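The chain contents come next:
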Amino acid sequence: MTEIEESMDSSDSHDSATSGKKSGRTSLLDSGEDFEVLNEEDIDDEPPPLEDAGGGKGKNTDESERTNADTDSDPPGPVEEWLDVLGNDQLKKKVLEEGKGRDSRPQKGQNVKINLKTCLSDGTLVEEQSDLSFTLGDGDVIQALDLTVMLMEMGEKALVQANAKYAYGERGSLEPEVPPNEELSLEVELLEASDAPDLELLPPAEKTALAIHKRERGNVHYQRGDYAFAVNSYSIALTITESSSKVDITPEEESELMDVRVKCLNNMAASQLKLDHYDAALKSCVSALEHQPDNIKALFRMGKVLALQGEYAEAIQTLRKALKLEPSNKTIHAELSKLVKKNSEQRGAEQALYKKMLGNPASSSSSSSSSSSSSSSQKHRAKSSWGLSWKWLFGATAVALGGVALSVVIAARN
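Treat the numbers as computed from the prediction; the structure is a model and nothing was measured.

**Regarding the overall build of the protein chain**
Right, so step 1: Scanning the protein chain from terminus to terminus reveals 10 helices and six strands.
Right, so step 2: Counting the 414 residues in the protein chain, one finds 37% classified as buried.
Right, so step 3: Sequence-distant contacts in the protein chain: of pairs separated by 6 or more residues, those separated by 24 or more amount to 71%.
Right, so step 4: Here the protein chain displays about 24200 Å² of accessible surface, and carbon together with sulfur accounts for 52% of that area.

See the structure below:
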């Protein structure tokens, strides 16, 4: 096993979002913002009907009717109006050929099939794909397609202009070859839409393949830095692997599904770490270790999460377990050494703080002894002072009594 901190499985770089033909392996926007599709009631593709402004009769009315008839007799051409999908002028759609009506529009979660022609803003052809299949809204394709195909009618052909934000973003793409920050022009034809298969009835091999496909899409998002979209794709893949099955499944097929599930949890933890969602990342690691207690990636990432939460002792213990399973792993060695040093520094700082709060025990003892000696001395002086005072009072009393007795004797003699 090589460096594991940010690594993905060997199959992670493969893009399986194809249907018979090659499709782009890098995908989705660089912005992590959510998008919102307008409600159908708020979208009006048709221009408002013309109102009859003429109130006259006879010849003028006939001429008006003939003019309207001549206008109506023209063959319908493509609708020229652009629909600003998001209201920010960065994603626009124009109908080239009408479809079968609004009722034929696909729904989020359905599997759709399209013909796609992708060009750069200067008209340079990037690629053409026929019968491209994907699940609408799952992030299997660039965001521009996820958003606009949802607004298309069955059989419709449309032209889409997409800002780089909704295409391949600041990084661009190697396959297909798209420069960074490049706007795209997409010609799309919606061919068909169908409901997603029932996961409970899906054969185990097909379920595993579908989960792998969603996980690989998540890996593409991760590699592009779109961590929130990566988490979404991994969540979809996990849902597939965790779904119950009404068909027979062999132990080998169950093991394959479990392997995909753990990989999804590991990759999700890596994405959540990038988003600073430490509690969620820790939960993903714990779930992975419940299935595979000796999974080194899960142990390593769990150690990192605990360290980021300040739990150095637990993090060191977790990383030591991972290192015991793979003693030659340099990444674990480096992380463990760093944590041991941090833990030592933290303990030293805590001890210094305690000393500052409680004081030096030796000096405190000395101070206590000195204080005790001083107190004893004060008591001795007080005792001595009291003794002198008592003696003085006793003497004074005796003198006074003697004086009284002498006065009595003298008075008696007189």
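**Here we look at helix H6 (residues 278-291)**
Right, so step 1: Counted at 1.5 Å a residue, the expected span for H6 with its 14 residues is 20 Å, and the 20 Å between its end C-alpha atoms agrees.
Right, so step 2: Among the residues making up H6, those that are buried are Ala281, Leu282, Ser284, Cys285, Ala288 and Leu289. Down the axis of H6, the sector holding all buried residues measures 160°, keeping them to one side. Exposed and facing more than 90 degrees away from the buried side of H6 are Asp279, Lys283 and Glu290.
Right, so step 3: For H6, the elements touching its buried residues are helix H5 (251-274) and helix H7 (296-308).

**Examining the nonpolar core**
Right, so step 1: Within the largest apolar cluster, 39 residues are counted, with the highest numbers of intra-cluster contacts made by Met302, Ile332 and Leu339.
Right, so step 2: Breaking this core down by element, the ones donating at least two residues are helix H3 (204-223), helix H4 (227-242), H5, H6, H7, helix H8 (312-325) and helix H9 (330-358).
Right, so step 3: Setting aside residues up to four positions removed in sequence, Ile332 forms contacts with Ile296, Phe300, Leu319, Ala322 and Leu323.
Right, so step 4: Val112, Ile114, Ala162 and Leu184 belong to the second-largest nonpolar core, a separate cluster that totals 31 residues.

**Some remarks on the packing of aromatic side chains**
Right, so step 1: Tallied over the entire structure, the rule returns one aromatic pair.
Right, so step 2: In this arrangement the basic side chain of Lys92 is found over the ring face of Trp82, its NZ or CZ atom lying 5.6 Å from the centre.

**Details of the packing of H4 against H5**
Right, so step 1: Between H4 and H5, the least distance of the axes is 9 Å, while the angle of their chain directions is 160°. One element, H4, and the other, H5, form an angle in the roughly antiparallel class. For the element pair H4 and H5, the recorded crossing hand is left-handed. In this structure, H4 contributes Tyr227, Ala230, Val231, Tyr234, Ser235, Ala237, Leu238, Thr241 and Glu242 to the contact, and H5 contributes Leu257, Val260, Arg261, Cys264, Leu265, Asn267, Met268, Ser271, Gln272 and Lys274.
Right, so step 2: When grouped by side-chain class, the residues that make up the contact of H4 with H5 number 11 nonpolar, five polar and three charged.

**Here's the deal with the confidence of the model for the protein chain**
Right, so step 1: In the predicted model, the protein chain carries a mean pLDDT of 78, and the fraction of residues at 70 or more is 66%.
Right, so step 2: The low-confidence segment residues 1-7, where pLDDT is below 50, has 21 contacts with residues more than four positions distant or belonging to other chains.

**With respect to the pairing of strand S5 (residues 157-162)**
Right, so step 1: Note that strand S2 (residues 91-97) and S5 share six bridges and pair antiparallel. Pairing of Leu91 across the sheet is with Ala162, part of S5.
Right, so step 2: Pairing analysis gives six bridges linking S5 to strand S6 (residues 184-194), with the strands arranged antiparallel. Bridge pairing in S6 links Leu159 to Glu187.

What counts, and where the lines are drawn
- Residues numbered from 1 in each chain as written.
- Predicted model: local features only at pLDDT ≥ 70, side-chain atom pairs only at ≥ 80, totals over all residues.
- Heavy atoms only, no water.
- Helix = DSSP H or I, 4+ residues; strand = E, 2+ residues; numbered from the N terminus.
- Buried < 20%, exposed > 50% of the residue type's maximum accessible area, 1.4 Å probe, protein only.
- Contact = heavy atoms within 4.5 Å.
- Areas by Shrake-Rupley, 256 points an atom, 1.4 Å probe, with all protein chains shown as cover.
- Expected span 1.5 Å × (residues − 1).
- Arc of directions from axis to C-beta.
- Core = buried A, V, L, I, M, F, W, Y, C linked by side-chain atoms within 4.5 Å.
- Phe/Tyr/Trp six-rings, centres within 6.5 Å; stacked < 30°, edge-to-face > 60°.
- Lys NZ or Arg CZ within 6 Å of the ring centre and 35° of its normal.
- Axes fitted to C-alpha atoms, helices over the stretch in contact; angles between N-to-C directions.
- Parallel < 35°, antiparallel > 145°, perpendicular 65-115°, else oblique.
- Left-handed = near helix turned anticlockwise from the far one by under 90°.
- Nonpolar A, V, L, I, M, F, W, Y, C, P; charged D, E, K, R; others polar.
- pLDDT = per-residue confidence, 0-100.
- Pairing = 2+ DSSP bridges.

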